[in-house]
Amino acid sequence: MAHAGYKQFCPLSMAAEVLCTRWTMVLMRELIAGSTRFNDLRRGVPKMSPTLLSQRLKDLEEAGIVEKRPAANERRVFEYHLTDAGKDLREVVIAMGMWGQKWVESSLSLKNLDPSLLMWDMRRNLNPDPLPNRRTVIQFLYHDLPPTKRDWWLVIEPEGEVDLCWADPGFEVDLFVSTDLRTMTAIWMGVTDIASEREKFEFTGPKEISSTMQTWLGLSPFAIQKKLVG
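Residues numbered from 1 in each chain as written. Predicted model: local features only at pLDDT ≥ 70, side-chain atom pairs only at ≥ 80, totals over all residues. Heavy atoms only, no water.

Caption draft 1: Representation of the side chain of Glu-79. Along the polypeptide, Glu-79 turns up in strand E2 (residues 78-82). Under the relative-accessibility criterion, Glu-79 is labelled buried at 15%. At 3.1 Å, the side chain of Glu-79 and the side chain of Arg-37 are in polar contact. A polar contact is formed between the side chain of Glu-79 and the side chain of His-81, at a distance of 2.9 Å. Beyond its immediate sequence surroundings of up to four residues, Glu-79 is in contact with Thr-36, Arg-37, Glu-67, Lys-68, Arg-69 and Ala-71. (Helix = DSSP H or I, 4+ residues; strand = E, 2+ residues; numbered from the N terminus. Buried < 20%, exposed > 50% of the residue type's maximum accessible area, 1.4 Å probe, protein only. Polar contact = N/O pair within 3.5 Å; in protein donor to acceptor, adjacent residues only side chain to side chain. Contact = heavy atoms within 4.5 Å.)

Caption draft 2: Structural view of the pairing of strand E4 (residues 151-156). Of all 6 residues that make up E4, 6 are buried, and the element is covered over most of its length. Neither face of E4 is exposed, since Asp-151, Trp-153 and Val-155 on one face and Trp-152, Leu-154 and Ile-156 on the opposite face are all buried. The sheet contact formed by strand E3 (residues 136-142) and E4 spans 6 bridges and is antiparallel. Across the sheet, residue Phe-140 finds its bridge partner in E4, namely Trp-152. Across 4 bridges, the pairing between E4 and strand E5 (residues 162-165) is antiparallel. Across the sheet, residue Trp-153 finds its bridge partner in E5, namely Cys-165. Two successive antiparallel strands, E4 and E5, enclose a turn made up of 5 residues, where Gly-160 displays a positive phi of approximately 105°. (Pairing = 2+ DSSP bridges.)

Caption draft 3: Seen up close, helix H4 (residues 50-62). The end-to-end C-alpha distance of H4 is 18 Å, a good match for the 18 Å that 13 residues give at a rise of 1.5 Å each. Considered for burial, the residues of H4 that qualify are Leu-53, Arg-56, Leu-57, Asp-59 and Leu-60. All buried residues of H4 project into a common sector of 160° when viewed along the axis, lining one side. Exposed side chains of H4 directed beyond 90 degrees from the buried face belong to Thr-51 and Glu-62. (Expected span 1.5 Å × (residues − 1). Arc of directions from axis to C-beta.)

Caption draft 4: Main features of the pattern of salt bridges. Overall, the coordinates contain 11 salt bridges when judged by the stated rule. Among the salt bridges present, the one from Arg-56 reaches Asp-59, with a minimum N-O distance of 3.3 Å. You can see Arg-56 and its partner Asp-59 sitting in helix H4, 3 residues apart, about one turn around the helix. Ionic pairing is found between Arg-150 and Asp-151, a salt bridge with its closest N-O pair at 3.1 Å. Bridged by salt links that share partners, the residues Arg-29, Glu-30, Asp-121 and Arg-124 form one connected network. (Salt bridge = Lys/Arg side-chain N within 4 Å of Asp/Glu carboxyl O.)

Caption draft 5: Local environment of the side chain of Asp-174. Relative to the elements of secondary structure, Asp-174 occurs in the loop between E5 and strand E6 (175-179). Separated by 2.9 Å, the side chains of Asp-174 and Arg-134 make a polar contact. In this structure the side chain of Asp-174 is engaged in a polar contact, spanning 2.7 Å, whose partner is the backbone nitrogen of Val-137. Excluding anything up to four places from it in sequence, Asp-174 contacts Arg-134, Arg-135, Thr-136, Val-137, Thr-204, Gly-205, Pro-206 and Ile-209.

Caption draft 6: Here's a closer look at the state of the cysteines. Evaluated as defined, the whole model comprises 0 disulfides. The closest cysteine sulfur to the non-disulfide-bonded Cys-10 is located on Cys-20, 12 Å from its own sulfur. (Disulfide = S-S within 2.5 Å.)

Caption draft 7: Examining the packing of aromatic side chains more closely. Tallied over the entire structure, the rule returns 2 aromatic pairs. Summarising the aromatic geometry, the rings of Phe-140 and Tyr-142 are spaced 6.4 Å apart at their centres and angled 25° between planes, so their arrangement reads as stacked. Its relative accessible area of 0% is what places Tyr-142 among the buried residues. Note on Phe-201 and Phe-203: the rings are 5.6 Å apart at their centroids and 10° apart in plane angle, and the pair reads as stacked. As far as burial versus exposure is concerned, Phe-201 and Phe-203 are alike and both buried. We note Arg-123 situated over the ring of Trp-120; from NZ or CZ to the ring centre the distance is 4.1 Å. (Phe/Tyr/Trp six-rings, centres within 6.5 Å; stacked < 30°, edge-to-face > 60°. Lys NZ or Arg CZ within 6 Å of the ring centre and 35° of its normal.)

Structural data, given as structure tokens:
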């Protein structure tokens, strides 16, 4: 790592030298969530520059936390996999997230709204079980955002695979969900729920899909932690 460091023998300070550089723990969240390819990692940290992402991955590789491997059956494509040392950080990342959910004020968290990160997180935590056993397309319309960031599509295949599209995928939409970004983010974080915010939603489509949204939506992995500050 190309920074001065703390110059202490304490294991905590030594760990901090590796993990407490800007964006590193957020990148660890993405790796632990299962992203292995550069472009997928970028979608989980959309405000991180590609240059810095490359540098942090190199740092983690040098620290023995990730291993860069060629992708199977794809030339010139590489993946980043956690080593045993990286996997050991799972509980650390979870504990930090739980602490943030418990002690950081919701009003502060909800100032950092980001539709691309929200939809990417929703994609990977969506529960397809309550949905029809066929391809299901759900379009989210954030009416408070400019046209370039307003529309997002989730395409759920019968096998459970979920794709996120920021351009019209060309399939017939089963359910349109119109709301504002802050409300959707607060629900995702577990600060509130759909029933409590029902007047802020407009659904167009089958009730069998819209009525089970709280179930198929899934929530942030940290939403189970009860907040002690508002």
